[in-house]
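# Working through the structure, step by step
Spelled out from the first residue to the last, the chains are:
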Amino acid sequence: MDWPQALVLAVLQGLTEFLPISSSAHLVIPSLLLEWPDQGLAFDIAVHVGTLAAVVFYYRQDLRLISIAWLRSLAGAPSNGDSRTVWYLLLASTPVGLTGAFLGGFVEEHARNLPVIASTTLLFGLLLGFADRRARVTAGSRSLSFGVALFIGVAQALAPVPGVSRSGITITAALLLNMSRKDAARFSFLLSIPVISGSGAVKAWELIQSAEPVNWLLIGCASLVSAITAYACIALFLRLLDRIGMMPFVYYRILLAFILFAVWLA
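These numbers were taken from a predicted model, which means no experiment stands behind them. (Residues numbered from 1 in each chain as written. Predicted model: local features only at pLDDT ≥ 70, side-chain atom pairs only at ≥ 80, totals over all residues. Heavy atoms only, no water.)

## A word on the confidence of the model for the chain
- On average, the chain scores 89 in pLDDT, and the residues at 70 or more come to 99%.
- Of all secondary-structure elements in the chain, the lowest mean pLDDT belongs to helix α2 (residues 23-34), at 78, while helix α7 (residues 146-156) reaches the highest, 96. (pLDDT = per-residue confidence, 0-100. Helix = DSSP H or I, 4+ residues; strand = E, 2+ residues; numbered from the N terminus.)

Here it is, written out as C-alpha cells:
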C-alpha cells in the first residue's frame, strides 16, 4: 500500500462505518475500480481500532453508566434499563457472530463484486427509506426489550454482505419496530462496539497466524485518521438526525447503485 491509498481508505472507513451507506462496500469499490492491491490484515485492524475508539470515546459516559449498572446487577442489585442494555447488546451481537463464523468465507468469495454490491446498496437503501417514512407517521415510542434486540440482531446478521450496511440494517430494523430515530441510532452505534471488537479480534488472530509484515507508521496514521473521521461523523449525524432523517442517505444509495450498475454493464 502507498500513503494515498491508505489515507483514502482510512477516511472512507471513518465516514461510512456509522452512516447507513455500507463501509464494506465503500472499501471494496476503490479496489475494484482502481485495481488497488488488497490493504492487508494489519490495515483492516488499524482502521477498525480507529472507529472502535471513536464510538467508545463518544459514548464514554453511557458506557460507564451501563457497565456499572450491569456489574451491580450481577452482584445482586435490582436490574434497570442500563443493566439490561448490556444483555440486549450481547443478544443482538450473537446472530452476526454466527454468520461471520459459518458464512464469512462464502461471503468473502462470492459477494465482493459489483453486481452484488450494487443490488444490496439499492435494495436495502429502499428498505431504509420505507422504514424512515413509516417512522414519520408513528409515535416512535417503542423501547428496547429482548424481543426488539433479537429482531435487530437477526437483521444485523446480513451485515457481512457488502452493500447492506451494518448501521443501515440495524437502524432500519429498529425503525420498523417503531423506535425513535435517536434511540435506533444510539442502539446501532452501541451495538457496533461488540461487533467491531469481535471482528477485530478475528483479524488480529489471522494476522498473527500469517506473520504479515507491518508498516507501523502507515497503519498508525490510518488508525488515527479513521478515529477522527468517525468521531466527527457520529457527532454530526446525531445532531442532524431529527432534522434530515434518513432520506438523504437513501437517495445517495440509489444514485450509487445506478452508478455501480452502469460501471458493471460497461
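## Things to note about the packing of α2 against helix α11 (residues 247-265)
- Look at α2 against α11: their axes get within 13 Å of each other, and the N-to-C directions meet at 25 degrees. Classed by the angle they form, the pair α2 and α11 counts as roughly parallel. Regarding α2 and α11, the two cross each other, and that crossing is left-handed. Of the residues in α11, those touching α2 at His26, Ile29 and Leu33 are Tyr252, Leu256, Leu260 and Val263.
- When its residues are assigned to classes, the contact of α2 with α11 shows six nonpolar, one polar and no charged. (Axes fitted to C-alpha atoms, helices over the stretch in contact; angles between N-to-C directions. Parallel < 35°, antiparallel > 145°, perpendicular 65-115°, else oblique. Left-handed = near helix turned anticlockwise from the far one by under 90°. Contact = heavy atoms within 4.5 Å. Nonpolar A, V, L, I, M, F, W, Y, C, P; charged D, E, K, R; others polar.)

## Some words on the packing of aromatic side chains
- With the rule as written, the count across this model stands at eight aromatic pairs.
- An angle of 50 degrees between the planes, with centres 5.7 Å apart, marks the rings of phenylalanine 57 and tyrosine 231 as tilted. Of this pair, phenylalanine 57 sits in helix α3 (residues 41-58) while tyrosine 231 sits in helix α10 (residues 216-244), and the two are 174 residues apart along the sequence.
- Residue class for phenylalanine 57 comes out partly exposed when judged on its relative accessible area of 46%.
- The structure contains a cluster of three or more aromatic residues connected by ring pairs, namely Phe18, Phe189, Phe237 and Phe249.
- Between arginine 60 and the ring centre of phenylalanine 57, over which it is positioned, the NZ or CZ distance is 4.1 Å. (Phe/Tyr/Trp six-rings, centres within 6.5 Å; stacked < 30°, edge-to-face > 60°. Buried < 20%, exposed > 50% of the residue type's maximum accessible area, 1.4 Å probe, protein only. Lys NZ or Arg CZ within 6 Å of the ring centre and 35° of its normal.)

## Re the nonpolar core
- Counting 47 residues, the largest nonpolar core has Val55, Ile152, Phe187, Phe189, Phe237 and Met246 as its most contacted members.
- Per-element tally for this core: the top contributor is helix α9 (residues 181-210), with eight residues.
- With near-sequence residues (within four places) excluded, phenylalanine 237 lies in contact with Leu19, Pro20, Ile171, Ala185, Phe189, Met246 and Phe249. (Core = buried A, V, L, I, M, F, W, Y, C linked by side-chain atoms within 4.5 Å.)

## Re a nonpolar patch on the surface
- Taken together, Leu32, Leu33, Leu34, Leu255, Ile259 and Val263 make up a surface patch of nonpolar side chains, about 510 Å² in accessible area.
- Secondary-structure elements contributing two or more residues to the nonpolar patch are α2 and α11.
- In this structure, leucine 32 sits in helix α2. (Patch = residues over 30% accessible without salt bridge, like charges linked within 9 Å, V, L, I, M, F, W, Y side chains within 5 Å. Areas by Shrake-Rupley, 256 points an atom, 1.4 Å probe, with all protein chains shown as cover. Salt bridge = Lys/Arg side-chain N within 4 Å of Asp/Glu carboxyl O.)

## Description of helix α8 (residues 166-176)
- Within α8, ten of the eleven residues are buried, which leaves it mostly tucked inside the rest of the structure.
- Among the residues making up α8, those that are buried are Arg166, Ser167, Gly168, Ile169, Thr170, Ile171, Thr172, Ala173, Ala174 and Leu175.
- Asparagine 178 occupies a position one or two residues after α8 and carries a positive phi of about 75 degrees.

## Regarding the pattern of salt bridges
- According to the stated counting rule, one finds three salt bridges in the structure shown.
- Aspartate 132 is paired through a salt bridge with arginine 181; the nearest N and O atoms lie 3.0 Å apart. Placement of the pair is aspartate 132 in helix α6 (residues 114-136) and arginine 181 in helix α9, with a sequence separation of 49 residues. Assigned by exposure class, aspartate 132 and arginine 181 land together as buried.
- Aspartate 242 is paired through a salt bridge with lysine 182; the nearest N and O atoms lie 3.8 Å apart. Within this pair, whereas aspartate 242 is found in helix α10, its partner lysine 182 is found in helix α9, the two being separated by 60 residues in sequence.

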